[in-house]
Amino acid sequence: MKRICLLVCFFLSLHHLSAQTFTVTGLIKDTTGQEIIAANVWLTAGKDSLHTTSNETGRFTFSGVQQPVFSLRVSVLGYETWSKSYDFRNAGSQINVPVIILVMKTSTLQEVIIRGKQAPVVIKEDTIEFRASQFRLRENAVAEDLLKRLPGVDVDKDGNVTMMGKKITKLRINGKDYLVDDIKTLTRILPVDMIEKIQLVDDYGDMARVTGRKSGEPQQVLNIQTKSELNKGIQMQTIVGAGNDGRYNAALLANYFNGDHQLSVSGNTNNTSALAGTATNSNATINYRDQPTKALSLNASLMGGHTVSNIQSLSNVTTVTNEGTLYIANNTGSYSRNNNYAFYGGAEYKPANGDMLNFNMNMSLNTAENVNVVSALQTGYQKKDQLTKNIINNRIPVIGAGVFGSHRFNRKGRVLSLSLYMSYTDNDNDQDGMNNILYYNADSTLAKDSLLHQLLNKQNNDFITSAQVSWIEPIDSTSSMELRYLINYTRSDNTQVTDWLDMEGKQQRIDALSNEFKYNMSQQQLELNFRKNLKKFDYTLGVRLMPSGLSGHGTNGEAPTKLHSTPLAPVLRIQYKLPRSQFISLFYNGVVIFPGYQQLQPAPDLTNTEFPIIGNPLLKPGFTHSLFLNYRSLNTANTHTLFLHLAANYTKDKVVTNTVTVKDSFNTVKQETHYLNTDGDYNYRFVYGWSKRIQDGKYNFYLDGTASYNNNVLYVQDVKNFARNLAMSQSARSNILLPWIELMGGVTYLYNKNVYIPGDNNTTNITTWTFNLVGKVYFLKTFAFGFDASKQLNSGYSGSLSSNPLMANVFFEKMFFKKRLTARAQVFNLLDENARLSQAISGNTVTESRDNLLSRYFMFTLQLDLKKFKGSK
């Protein structure tokens, strides 16, 4: 009987094995690390034989494979035929074959290399990849020069990088985080000849990378992949420059590579800010990476930064109230000194079975001293003059640590993932403020003056904990279920102490302006979703329950705060791969938005006595519904690309301002800012980017545009009002990249309209045309002349801020010692322009700013480029 039972079990297991199918995927590269496109791949499993070809990313997929024991054969013109047998009986239904490396064919008569033309742009699901070798660049070019040539990417004069209208603030090298506050620290000095490809990645976090489930709006990350053949050697670039009026610039980048051992040192210091005054920026970063074993990798980063600035600026502020319109002309002088220090360390363990354990920690310290002197002239429905001086000292230490782990079960490919992160932030803020206000009669004669000298101390301590667990249960080779639980908890202890000093310097505590306010916020998520992942169609559907709560109490006798909400939201993400490298995706996201400390704090904040801020401890958490549609297209000839992004947001119970005008002791009006919850706030956004390559990149054309409409809700005197804002931009650019000249030019149109309802003549229309031209001419092999010019035409600003600057910079350079040393003479702000304009809109207030520019100056710079890699001469 026992033998019969064993025999039955044996045949049942055979039946189960025969009924199960497998999905086999793999990646094909050559010996340089380049993905191979259109390679023929044959899979043989028993009597079955399947065929496919690798796609534009070098990947191939076989679905419906009947057994986990099979052999692969790969063939492509110009490479040796490759074959190998595999046994994945313990791997589950999803089988990932190790990377297949093909070797080029060689001939004893003569060398013949036949390779397909590489595509300059490759679009993947969450990644846009640009191959550096397919973009025309000169010797000694840096990463920023390459970024300026990429479709959909914009690099402004300050080195800030944006992709599809979104600023990129996170940088990775070979997939590992690079700790820099500002990515231009590296992009302006990293040699482009070290770069194999640049990737713009939509990053959804560690959990998404393991589970494949993406939630929320991704962070855009810039990943620079270095050339695989440069894995042993040293590279260094040094820049030193000096100019008139004490101007200077110095930078260093040094990289040491020895297989898995990498050490990078970078730093720069300069006082060449575009704004008038003095500004010194210095920072240094050390990055170290090592992989002592195949499964274990270590990394550490240390960063330090120091900034000192003394800047002058002008601004006009228009505020619409029920009392009338208030106009304020501000003349601001600001001095700041900032020091930043940070350490980051991490370890990642990946055993052969696909499990992963990741640990990281971070420590940082930011200290800042700011002195602001503002002269504000108020006109409109009342006339006042205000002279304010604020001295603010801030100290913010932060410490955090996190761990993430995942385990992939052999049986059916189940995946369990867990993460835990904790951080503590201590913000100590001291303010010494003096407000001198002059009050005027109706005939503009001086009525009274008032002087208030106050000392304000704010201490905000936040302890944040976040944990989540995810369980993936496959249903078959293309579908699975996920059960996920997440909890975020924040404990915030806040103290505000206000003292007033009289004319004799005697200090008096003001209890009505002092308070200790503590609150806790918790948000939980319980989610169940279903995912179906076909070859071209990938969708996730589910439901998410998000219980949230906020409780707190203060010391001024106000009632304890206890607020709860339990929103229920769908989980929706759809992605479809269209023919000819086209991707379209649609996803919904629901997010709980908690009010901040400033909005909750019940004690008035009189940092600016004319505009007190009074929080509301009874505010409810808001909830934002967001819908996103993305489209990416790359034609088969790889001559043009198109990116589209549409977004719509609606917030329920959004925290908005309620501006209330009150009479002060001098019978004039102050504007208090209060907060409350309301519905009706929504916005739409559209972004697109199109590019066209002609003659293998010799000529390139770009079109970029954005449009947004914001329906902002605000209250004035407890009455609901709307501020509707329409903003549009359109730019057209082109470049010519020939051996003897590089020429890039473009035009950008910006339009910003703000309508405050109700009210007469409360509409602002700002338009700006910007024309720019950048060029570099090469002659006599080692000489070059370059220039960049930008002209602005502004309209709609108030008369006192009118400015249409024409900015122009020129340089002349000569290369020595086999182009290792470059000497450069530069002139900045050649025409000695003095200002640039900008506008900001917040509720019922529109601020127009004028920043004074640095006057014309000269610089002489030397740049030394050295490198030595294994096998190089």
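Every value quoted in this text rests on a predicted model; they were computed, and no experiment measured them.

Here the focus is the overall build of the protein. Across its full length, the protein holds five helices and 50 strands. The buried share among the 873 residues of the protein stands at 45%. Considering only contacts in the protein between residues 6 or more positions apart, those separated by 24 or more positions represent 63%. Within the structure as shown, the protein displays about 42000 Å² of accessible surface, and the carbon and sulfur contribution to it stands at 58%.

Take the sheet that holds strand β12 (residues 161-163) next. Spatially, the three strands line up as an open sheet ordered β11-β12-β13, and their pairing is antiparallel. Two strands bound the open sheet, and with one partner strand each, they are β11 (153-155) and β13 (166-167).

Evaluated as defined, the whole model comprises 18 salt bridges. Here R414 makes a salt bridge to E473, at a shortest N to O gap of 2.5 Å. Of this pair, R414 sits in the loop between β25 (384-408) and β26 (415-440) while E473 sits in strand β27 (residues 446-474), placing them 59 residues apart in sequence. The class for R414 is buried, based on a relative accessible area of 18%. Residue classification places E473 among the partly exposed positions, given a relative accessible area of 22%. When the shortest N-O distance is used, the salt bridge between D679 and K652 registers 3.5 Å. Of this pair, D679 sits in the loop between β39 (669-678) and β40 (681-694) while K652 sits in strand β37 (residues 640-652); the two residues are 27 residues apart in sequence, bridging distant segments of the chain. According to the relative accessible area criterion, D679 is partly exposed, its value standing at 26%.

The next point concerns the pairing of β25. In the sheet, strand β24 (residues 356-380) pairs with β25 via 23 bridges, with the strands oriented antiparallel. By the bridge assignment, T367 is partnered in β25 with R395. Turn length for the β24-β25 hairpin, with the two strands adjacent in sequence and antiparallel, is three residues. Pairing of β25 with β26, which is carried by 23 bridges, proceeds in the antiparallel orientation. Pairing of D385 across the sheet is with L438, part of β26.

Bringing the confidence of the model for the protein into the picture now. The predicted coordinates ought not to be read in detail in places where the model reports low pLDDT. Per-residue confidence for the protein gives a mean pLDDT of 83; residues scoring 70 or more make up 89%. At the level of individual helices and strands, the protein shows its lowest average pLDDT in helix α1 (residues 2-19), which scores 44, and its highest in strand β47 (residues 821-828), which scores 94. Per-residue pLDDT stays below 50 along residues 6-19; that stretch engages in three contacts with residues further than four places along the chain or on separate chains. In the predicted structure, residues 106-116 sits below a pLDDT of 50 and forms 10 contacts with residues beyond four places in sequence or in another chain.

A few words now on the pairing of strand β41 (residues 699-716). Two elements, strand β38 (residues 654-663) and β41, share two bridges in a ladder whose sense is parallel. When the sheet's bridge partners are listed, N658 is paired in β41 with Y715. Two elements, β40 and β41, share 13 bridges in a ladder whose sense is antiparallel. Bridge pairing in β41 links F686 to A707. What sits between β40 and β41 in their antiparallel hairpin is a turn of four residues, with Q695 showing a positive phi close to 55°. In terms of strand pairing, β41 meets strand β42 (residues 719-738) through 18 bridges, oriented antiparallel. Bridge pairing in β42 links S708 to A727. Hairpin geometry of β41 and β42 is characterised by an intervening segment of two residues between the two adjacent antiparallel strands and by a positive phi of about 55° at Q717.

Across the sheet, four strands lie side by side as β3-β2-β5-β6; this open sheet has antiparallel pairing. Whereas interior strands pair on both sides, the edge strands pair on one side only; in this sheet they are β3 (48-53) and β6 (82-87). Taken pair by pair, the neighbouring strands of this sheet meet at an average axis angle of 20°, ignoring direction. Looking at chain direction, strand β2 (residues 40-45) and strand β5 (residues 69-75) are connected through five bridges and run antiparallel.

All right, on to the environment of D499 then. Summarising the element assignment, D499 is placed in strand β28 (residues 479-501). Put simply, D499 and L513 are 14 residues apart on the chain and 8.5 Å apart in space, counted from C-alpha to C-alpha. In contact with D499, not counting residues within four places along its chain, are H453, Q454, L455, Q507, Q508, R509 and I510. A distance of 2.4 Å separates polar atoms of two side chains, one belonging to D499 and the other to R509.

Attention now goes to the environment of Q839. Within the element layout of this structure, Q839 appears in strand β48 (residues 835-842). Separated by 87 residues in the primary sequence, Q839 and N752 place their C-alpha atoms 8.7 Å from one another. Excluding its chain neighbours within four sequence positions, the residues that come into contact with Q839 are N752, T764, I766, Y797, V846, T847 and E848.

A few words on a nonpolar patch on the surface. A surface patch of nonpolar side chains, amounting to about 850 Å² of accessible area, comprises Y349, L357, F359, M363, I399, V403, L420, M422, Y424 and F463. For the nonpolar patch, the elements supplying multiple residues, two or more each, are β24, β25 and β26. Along the chain, the position of M422 falls in strand β26.

In this section: the packing of aromatic side chains. Tallying each qualifying case throughout the model produces 19 aromatic pairs. Where F70 meets Y86, the ring centres are 5.8 Å apart and the plane angle is 45°; that geometry is what we call tilted. On the criterion of sequence distance, the pair formed by F70 in strand β5 and Y86 in strand β6 is long-range, its members being 16 residues apart. F70 sits in the buried class, given a relative accessible area of 3%. Residue Y86 is classed as buried on the basis of its relative accessible area, which comes to 10%. Grouped by ring-pair contacts, the aromatic residues F530, F537, Y539 and Y576 constitute a single cluster. Here R573 stacks its cationic end above the ring of F587, 4.1 Å away from the centre of that ring. Looking at R733, its charged tip hangs above the ring of Y702, at a distance of 4.6 Å from the centre.

As a further point, take unusual backbone geometry. In this structure, Q717 is a non-glycine residue whose phi angle is positive, near 55°. Examined against the element boundaries, Q717 turns out to sit in the loop between β41 and β42. Classification of Q717 by relative accessible area gives partly exposed; the value is 28%. One non-glycine residue, K818, lies in the positive phi region at around 55°.

Turning our eyes to something else, we now look at the side chain of D290. Within the fold, D290 resides in strand β21 (residues 277-290). Buried charged residue D290 carries no salt bridge. Nearest counter-charge: R289, at 11 Å. A polar contact is formed between the side chain of D290 and the side chain of Y288, at a distance of 3.2 Å. Look past the residues within four positions of D290 in its chain and what remains in contact with it is D260, H261, L296, S297 and L298.

Counting through the fold element by element, K384 comes out in strand β25. Beyond its immediate sequence surroundings of up to four residues, K384 is in contact with A376, L377, Q378, I437, L438, Y439, Y440, E610, D664, T668, V669 and K670.

What counts, and at which threshold
- The numbering scheme is per chain: residues are counted from 1 as the chain's sequence reads.
- Only residues with pLDDT of 70 or above have their local features reported here, since the model is predicted, and side-chain atom pairs are shown and tallied only from 80 upward, although totals for entire chains, interfaces and linings are computed over all residues.
- Side-chain measures here rest on the full set of heavy atoms in the structure, leaving out hydrogens and waters.
- Each helix is a run of DSSP H or I of at least 4 residues and each strand a run of E of at least 2, with the numbering of both proceeding from the N terminus.
- Any residue under 20% of the maximum accessible area for its type is buried, any over 50% is exposed, and the rest in between are partly exposed; the area is computed with a 1.4 Å probe on protein chains only.
- Note on definitions: a residue-residue contact is assigned when non-hydrogen atoms from the two residues lie within 4.5 Å.
- With residues, only the protein chains shown are counted as cover, and all accessible areas are computed by Shrake-Rupley using a 1.4 Å probe.
- Two strands form a pair only when DSSP identifies at least two bridges running between them.
- Salt bridge criterion: a side-chain nitrogen from Lys or Arg within 4 Å of a carboxyl oxygen from Asp or Glu.
- Every residue is assigned a pLDDT by the predictor, reflecting its confidence on a scale from 0 to 100.
- The axes used here are C-alpha line fits, helices contributing only the stretch in contact, and every angle between their N-to-C directions lies in the interval 0 to 180 degrees.
- Here a polar contact is taken to be a pair of N or O atoms separated by no more than 3.5 Å, where protein atoms must pair a possible hydrogen donor with a possible acceptor and residues adjacent in sequence count only if both atoms sit in side chains.
- Nonpolar side chains (Val, Leu, Ile, Met, Phe, Trp, Tyr) within 5 Å and like charges within 9 Å form the patches, drawn only from residues with over 30% relative accessible area and no salt bridge.
- Working definition: a ring pair exists when centres of Phe, Tyr or Trp rings (six-membered ring for Trp) sit within 6.5 Å. Plane angles under 30 degrees give stacked, over 60 give edge-to-face, the rest tilted.
- Two thresholds decide whether a charge sits over a ring: the Lys NZ or Arg CZ must be within 6 Å of the ring centre and within 35 degrees of the ring normal.
- Asp and Glu are treated as the negative residues and Lys and Arg as the positive ones, with His and the ends of the chain left uncounted.

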